[in-house]
Amino acid sequence: DGQFYSKAVIWAAEAEVVTGYTDSGYFGTNDPITREQMVTMMYRYAKKNGIGTSTSASLDSFPDGQSVTAYALDAMKWAVTEKIIQGDGTTGLLNAWNSINRAETTAVLDRYITYSDALN
């Protein structure tokens, strides 16, 4: 409580955009987030705003597509289909478990905004 992000976290939790760690009940405010966690939040946000999330591509074209965690699978398939997240240009990997940095986060947000604007 009382942190610069407190109101945003409370809103996101109430909107079910974030759930924190369901096994411990902790939010993990100081933990880095992974690429699949970021995509899952965008997926939930899209659903909350009535944006269709039913598009779903296979992740078989990515060498590590099978490593996406079960909770993030539908979100990752949607994000890949809509080009909100892309594989590494050199390796072709999704790197779903890797931490997402600020630049990558900005790219994901920009692609989501472009995607959602195109629907309106």
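In the block above lies the structure referred to throughout.
Residues numbered from 1 in each chain as written. Predicted model: local features only at pLDDT ≥ 70, side-chain atom pairs only at ≥ 80, totals over all residues. Heavy atoms only, no water.

## Notes on the overall build of the chain
Okay, step 1: Helix and strand counts for the chain come out as four helices and zero strands.
Okay, step 2: When the elements of the chain are put in sequence order from the N terminus, they spell out α-α-α-α.
Okay, step 3: Its C-alpha atoms give the chain a radius of gyration of 14 Å, near enough to 14 Å, the size a compact globule of 120 residues would have.
Okay, step 4: Taken over the C-alpha atoms alone, the chain extends approximately 45 × 35 × 25 Å along its principal axes. (Helix = DSSP H or I, 4+ residues; strand = E, 2+ residues; numbered from the N terminus. Rg over C-alpha atoms; globule rule 2.2 N^0.38 Å.)

## Structural notes on the environment of Tyr5
Okay, step 1: Within the element layout of this structure, Tyr5 appears in the segment before helix H1 (6-14).
Okay, step 2: By relative accessible area, which is 23% here, Tyr5 ends up partly exposed.
Okay, step 3: In this structure the C-alpha to C-alpha distance between Tyr5 and Thr29, which are 24 residues apart in sequence, comes to 8.9 Å. (Buried < 20%, exposed > 50% of the residue type's maximum accessible area, 1.4 Å probe, protein only.)

## Focus on the packing of helix H2 (residues 35-48) against helix H4 (residues 102-119)
Okay, step 1: Where H2 contacts H4, the two axes come as close as 11 Å, and the packing angle between them is 25 degrees. Judged on the interaxial angle alone, H4 and H2 are roughly parallel. As for the relative orientation of H2 and H4, their crossing is right-handed in sense. From H2, Arg35, Met38, Met42, Tyr45 and Ala46 reach across to H4, where they touch Glu104, Thr105, Val108, Leu109 and Tyr112.
Okay, step 2: For the contact of H2 with H4, the class distribution of residues is seven nonpolar, one polar and two charged. (Axes fitted to C-alpha atoms, helices over the stretch in contact; angles between N-to-C directions. Parallel < 35°, antiparallel > 145°, perpendicular 65-115°, else oblique. Left-handed = near helix turned anticlockwise from the far one by under 90°. Contact = heavy atoms within 4.5 Å. Nonpolar A, V, L, I, M, F, W, Y, C, P; charged D, E, K, R; others polar.)

## With respect to unusual backbone geometry
Okay, step 1: In this structure, Lys83 takes a positive phi of about 60 degrees despite not being glycine.
Okay, step 2: Secondary-structure assignment places Lys83 in the loop between helix H3 (73-81) and H4.
Okay, step 3: Residue Lys83 is classed as exposed on the basis of its relative accessible area of 57%.
Okay, step 4: Positive phi, close to 55 degrees, is recorded for Asn95, a residue that is not glycine.
Okay, step 5: On the secondary structure map, Asn95 appears in the loop between H3 and H4.

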